[in-house]
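Coordinate inspection notes
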Amino acid sequence: QTFESAGVFAMAEETTTLAEDEAAVYDRQLRVWGVETQRRLSSSRVLLDGQFGSLAAEVAKNLVLAGVGSLHVARRALDRAQPSMQSFLDGGSDVVDTLKAINPLVDVRLVEGDATENLEQYHVALLIGRDASQWEAMNEACRSMNVKFLAAQGRSNCGLFFSDLLMHEFKTERKTTAEAKEEDTAKGIESSKMQFKSFAEALSVPLTSCGRKTPPIFYVYSLVAQFEVERKRKVQIEDYEELRHLRDSICSNENTLDTKLPDEKIEDYLATSEEFAPINAVVGGVLAQEALKAISGKGEPLNNFFFYELDTGEGRVAAI
């Protein structure tokens with residue numbers, strides 16, 4: 001038996017069906033995004049690599065609950081987990097068992113060795129944690145295989161992610177005017193395309209060209225990311241003076257006011273690199289939502305940086 005529905009984004013000429021067990025499990029979300037979107041999610045394959053902690057756990061949980069077809073977790077991501085990064089999905093193969101228990105319909109498995117060797121099989125690749133040089137390298141590898149890429153990290157005072165969905169096609173509900181609604185002529189959807197920059201391209205954008213709505217934290221992260229790309233390692237609190245020198249060089253070359261990169265903002269960012277579960281819950285939820293948009297093509301995605309800061313309690317997008 002099957003469950004059939006047109007769904008908000010289902011095409012009239014397509015047959016949109018789900019097996020009875022899927023329809024029962026996904027009943028509530030089917031009413032939100034329709035059968036066609038769920039069908040796309042159920043046939044997708046997602047890679048989760050990097051460093052497994054509370055942020056990766058939040059993302060994995062949300063993707064499994066949404067019903068992606070397959071979630072492959074890199075063994076090395078679990079091996080890199082630190083005691084301070086413990087989450088509700090602790091411990092080696094137990095992570096896979098727990099995720100399978102959350103949703104038995106999802107194929108959850110561990111990937112041994114270099115998880116990026118077979119990138120072409122994935123629709124979306126997620127890199128959690130690690131330094132900016134590794135974000136850049138994996139992003140370029142994904143681009144060469146036409147795979148959509150998202151990377152994220154969590155800190156005690158800030159969480160962020162970057163998204164490169166290549167040339168992304170998506171659909172949104174058509175906005176209506178009062179007149180059009182009365183005439184009943186505006187029902188349907190709108191199809192759009194959005195071009196994303198690579199991580200390297202985004203970092204190369206001069207800070208002086210960033211718009212007024214760019215959140216201040218982006219300037220600090222841009223500085224840190226340039227440092228990490230050059231040094232090929234995570235920034236540490238001991239690197240404060242080198243960051244200040246790099247800041248001065250950037251400001252001098254671009255005629256950027258120092259007020260965009262004050263010492264205290266750099267100090268705050270470097271204060272600690274440990275994860276903070278409440279921040280990761282927010283960032284992990286938004287990141288998983290963006291991964292679902294990348295797979296389903298439903299809804300306008302965030303392009304291309306997202307930041308959530310503890311001191312403001314706000315999530316902001318930097319379109320670089």
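Look above for the structure.
Residues numbered from 1 in each chain as written. Predicted model: local features only at pLDDT ≥ 70, side-chain atom pairs only at ≥ 80, totals over all residues. Heavy atoms only, no water.

Considering the overall build of the protein
Just so we agree on the cut-off: Helix and strand definitions follow DSSP, with helices as H or I runs of at least four residues and strands as E runs of at least two, each counted in order from the N terminus. Burial here depends on accessible area, computed with a 1.4 Å probe over protein chains only, as a share of the maximum for the residue type. Under 20% is buried, over 50% is exposed, and the range in between is partly exposed. In what follows, residue pairs with any heavy atoms lying within 4.5 Å of each other are defined as contacts. Here the Shrake-Rupley method, with its probe set to 1.4 Å, supplies the accessible areas, and only the displayed protein chains count as covering residues.
Along the backbone of the protein there are 12 helices and 12 strands. Within the protein, buried positions represent 50% of all 320 residues. For the protein, the share of sequence-separated contacts (at least 6 apart) that also reach a separation of at least 24 residues comes to 69%. A total accessible area of about 15100 Å² is found for the protein, and carbon and sulfur atoms account for 47% of it.

Describing the side chain of Ser-296
Inspection of the secondary structure puts Ser-296 in helix 12 (residues 277-296). Here Ser-296 falls in the buried class, since its relative accessible area comes to 5%.

Structural notes on the pattern of salt bridges
Here is the rule we go by: Each salt bridge in this description consists of a side-chain nitrogen of Lys or Arg and a carboxyl oxygen of Asp or Glu lying within 4 Å of one another.
Across all of its chains, the model carries 17 salt bridges by this definition. When the shortest N-O distance is used, the salt bridge between Arg-244 and Glu-241 registers 3.1 Å. With Arg-244 and Glu-241 both in helix 10 (residues 240-254) and 3 residues apart, this pair spans about one turn of that helix. On the accessibility criterion, Arg-244 (22% relative accessible area) is partly exposed. When salt bridges with common partners are traced through the structure, they connect Glu-241, Arg-244, Arg-247, Asp-248 and Asp-263 into a single cluster.

Quick word on the pairing of strand 4 (residues 70-74)
Let me state the cut-off plainly: Handedness rule for crossovers: strands pointing away from the viewer, path from the first strand over the helix to the second running clockwise, crossover right-handed. A strand pair is defined by DSSP finding two or more bridges across the two strands.
Counting buried residues along strand 4, 5 of its 5 residues qualify, which places the element largely inside the surrounding structure. Here strand 4 shows two buried faces, one formed by Ser-70, His-72 and Ala-74 and the other by Leu-71 and Val-73. Of the crossover connections in this fold, the one passing from strand 3 (residues 45-50) over helix 3 (residues 54-66) to the parallel strand 4 is right-handed. Of the pairings in the sheet, the one linking strand 4 to strand 5 (residues 107-111) comprises 5 bridges and is parallel in character. For Leu-71, the partnering residue across the bridge sits in strand 5 and is Val-108.

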